[in-house]
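Below are the chains, spelled out letter by letter.
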Amino acid sequence: MTVLVPTSLAEALEAVSAHPDAAVLAGGTDLMVEVNERRREVSDVVVVNRVPELRTWRHDPASATLFLGAGVTWTEVEADPIAGWVPALAQAARTVGSPQIRHAGTVGGNLGTCSPAGDGLPPLAALDATVHLVSAGGTRDVPFAEFMTGPKRNVLLHGELIAGVTLPVVSGWQGYTKVGVRNAMVIATASVALVADDVAQSVRVALGSVGPVILRCPEAEEFAAGEVDFGQRRVADAAVAEFARLAAAAARPIDDHRSTAAYRRHAVGVLAARLLRRAFPNG
Amino acid sequence: MAEHYTLHVNGTAREVRDAGTGESLLFVLRERLGLMGTKGACEQGECGSCSVLVDGQLVCGCLVLAASAVGQRIVTIEGVAPVGAPTDVQQAFVDAGAVQCGFCTPGLIMATHSLLDRSPQPSELEIREELSGNICRCTGYGRIIEAVQRVAVARSTAAAGGPSA
């Protein structure tokens, strides 16, 4: 019954291996809310926010990839240089909670909690992020699409830690937008991330808060790729409207205390249209 | 289960004995160490009343597991200035009428010091964004923003060798 504060990845893995039922604490912005509200009793806690290996990031120009350690905070993601490589994730970072929350909250924490409203998750889905998991027994890499299995559910096993994610550095416009009841300090009612890949000539879209997991929109993506002009940054108004309809159709929203299914479906269509137009401003 | 640990608060080592595992830094500061300046309200990171610095980062004390802050430098509102000798930020809040009931004030003072340390001449939008994690139900924020701007102006005037406030 104790709080362990490892200062190396080896120590952290030893800790979660010895205490497989321990709560893993990163920034605390999700876990401590549950603890404060007595919705969760903690006995053993492994604190991972002072593990240097998890606090690092690495840009590899040769492979055009960016590795973000699980302990990288949203404050770090929203600023350059990281923001310049993954703008959609940086925009999402800027909408996470408040400055206080962004100073503490981490990329790995968003993945660990795996809320459908997690702001970092739609950009990770749209970017086809690879999630790196590590345990005393070794490592495994899981595509984001297979990592999240339901609301607040993922494939992470007891004794395993999220090491980080690898993201492609994509050439092309990308962005994230969401709606909620106010501008600051708000959980998304509906959110959309869009990544235009000028090299692969593809458009990738992911929806948040409108399903049990983050949803990609294969039909909308295929349609957009056939309609947009990557060189001239052009897309017709009618194509934007059809893209919005297909994105909304991909949503699987529910009624809950934050909003209604009908509003959420409408909202993701509006947000998807807005992002496609920002990516391809010419009509 | 009882926890025993030492926290470094406002430059002093403070022993915490027989604490519960899940206790937040906010709880420990107020209920175990008697530092009542840090306020508690929402206990879910929404209101910013419990803002403190941990290793120089502005965070919500309610979302920090107290036992996880061992070995880190914690600064609370009590560590910002001695009683009776307010900082320029505290004085500006008084002068601008940015304090009404006062409950949010310690958190806002911490957030304002943090903002001005990183960005000495913030735009109004930057001030609004940086203080967006601190809720005030009295002032409507206008006078708070004015207080921040007064400090920024006074500091830049002083730095330029002009008359100090």
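Just so we're clear, the structure is a prediction, and the values are computed from it rather than from any experiment. (Residues numbered from 1 in each chain as written. Chains lettered and ligands numbered in written order. Predicted model: local features only at pLDDT ≥ 70, side-chain atom pairs only at ≥ 80, totals over all residues. Heavy atoms only, no water.)

### With respect to the overall build of chain B
When its secondary structure is counted, chain B shows five helices and five strands. In chain B, the succession of helices and strands from N to C terminus is β-β-α-β-β-β-α-α-α-α. In summary, chain B has a C-alpha radius of gyration of 16 Å against a globular reference of 15 Å for 165 residues, a match within 12%. The dimensions of chain B, computed from C-alpha atoms along their principal axes, are 55 × 30 × 25 Å. Within chain B, counting contacts between residues at least 6 apart in sequence, those at least 24 apart form 52% of the total. For chain B, the computed accessible surface area is about 7400 Å², with 53% contributed by carbon and sulfur atoms. For chain B, the separation between the mean place of its 12 positive charges and that of its 17 negative charges on side chains is 4 Å. (Helix = DSSP H or I, 4+ residues; strand = E, 2+ residues; numbered from the N terminus. Rg over C-alpha atoms; globule rule 2.2 N^0.38 Å. Contact = heavy atoms within 4.5 Å. Areas by Shrake-Rupley, 256 points an atom, 1.4 Å probe, with all protein chains shown as cover. Lys, Arg positive; Asp, Glu negative; His and termini not counted. Charge placed at Lys NZ, Arg CZ, Asp CG, Glu CD.)

### Thoughts on unusual backbone geometry
That bond from A:Asp80 to A:Pro81 is cis: its omega, 10 degrees, falls within 30 degrees of zero. With respect to the helices, strands and loops of the structure, A:Pro81 is situated in the loop between α3 (74–77) and α4 (82–85). Positive phi values are uncommon outside glycine, yet B:Asn10 reaches one of about 50 degrees. Judged by relative accessible area, which is 26%, B:Asn10 ranks as partly exposed. (Buried < 20%, exposed > 50% of the residue type's maximum accessible area, 1.4 Å probe, protein only.)

### Examining the domain arrangement of chain A
Residues and elements named next belong to chain A. Partitioning chain A into structural domains gives domain 1 (3–168) and domain 2 (174–279). A straight line from the C-alpha centre of domain 1 to that of domain 2 covers 24 Å. Contact residues are listed per partner, giving 26 residues for domain 1 and 21 residues for domain 2. Across the domain 1/domain 2 interface, buried area totals approximately 1800 Å², and carbon plus sulfur atoms make up 61% of it. Among the residues domain 1 hides against domain 2, the three largest losses belong to Pro116, Pro122 and Ala126. Together they make up 28% of the total. (Domains from an automatic or database assignment. Buried area = accessible area lost by both parts, 1.4 Å probe.)

### Points about the pattern of salt bridges
Should the charged atoms of two oppositely charged side chains come close, the side chains can pair. Residues and elements named next belong to chain A. In total, this model carries 21 salt bridges over all chains according to the counting rule given. We note a salt bridge from Glu76 to Arg55, for which the minimum N-O separation is 4.0 Å. Residue Glu76 is located in helix α3, and its partner Arg55 is located in the loop between β3 (45–47) and β4 (57–60); the two are separated by 21 residues in the primary sequence. Arg55 gets classed as partly exposed once you look at its relative accessible area, which sits at 35%. Notably, a salt bridge pairs Arg102 with Glu78, separated by 3.0 Å at the nearest N-O pair. Separated by 24 residues along the polypeptide, Arg102 in helix α6 (residues 99–104) and Glu78 in the loop between α3 and α4 bring together distant segments of the chain. (Salt bridge = Lys/Arg side-chain N within 4 Å of Asp/Glu carboxyl O.)

### Remarks on the interface of chain B and chain A
Taken together, the contact pairs 33 residues of chain B with 28 residues of chain A. A buried area of about 2300 Å², summed over both sides, lies between chain B and chain A, and 55% of it is on carbon and sulfur atoms. Interface area lost by chain B to chain A is led by B:Leu63, B:Leu65 and B:Ser132, which between them contribute 22%. Scanning the region where chain B abuts chain A turns up one salt bridge. Note that A:Arg94 and B:Glu129 form a salt bridge whose closest N and O atoms lie 2.8 Å from each other.

### Topic: the packing of helix α2 (residues 88–95) of chain B against helix α5 (residues 142–159) of chain B
Axes are the key here: two packed helices are described by the angle between their axes and the distance separating the axes. Residue and element names in this part refer to chain B. It is at 8 Å that the axes of α2 and α5 come closest, and there the two elements cross at 130 degrees. When the interaxial angle is binned, α2 and α5 end up oblique. Of the two elements, α2 crosses α5, and the hand of that crossing is right-handed. Facing Asp88, Val89, Ala92, Phe93 and Asp95 of α2, the residues of α5 in contact are Ile144, Ala147, Arg150, Val151 and Arg155. Its residues placed into classes, the contact of α2 with α5 shows six nonpolar, no polar and four charged. (Axes fitted to C-alpha atoms, helices over the stretch in contact; angles between N-to-C directions. Parallel < 35°, antiparallel > 145°, perpendicular 65-115°, else oblique. Left-handed = near helix turned anticlockwise from the far one by under 90°. Nonpolar A, V, L, I, M, F, W, Y, C, P; charged D, E, K, R; others polar.)

### Looking at the packing of helix α11 (residues 237–250) of chain A against helix α12 (residues 261–279) of chain A
All names here are of chain A. For the pair α11 and α12, the least separation of the axes is 8 Å and the interaxial angle reads 140 degrees. With respect to their mutual orientation, α11 and α12 come out oblique. Every pair of crossing elements has a handedness; the one defined by α11 and α12 is right-handed. In this structure, α11 contributes Asp237, Val240, Phe243, Ala244, Ala247, Ala248 and Ala249 to the contact, and α12 contributes Arg265, Val268, Gly269, Ala272, Ala273, Leu276 and Arg277. Its residues placed into classes, the contact of α11 with α12 shows ten nonpolar, one polar and three charged.

### Some details on the state of the cysteines
Here the structure, examined in full by the defined rule, presents zero disulfides over all chains. Of all cysteine sulfurs in the structure, the one in B:Cys101 sits closest to B:Cys138, which takes part in no disulfide; the separation is 3.9 Å. (Disulfide = S-S within 2.5 Å.)

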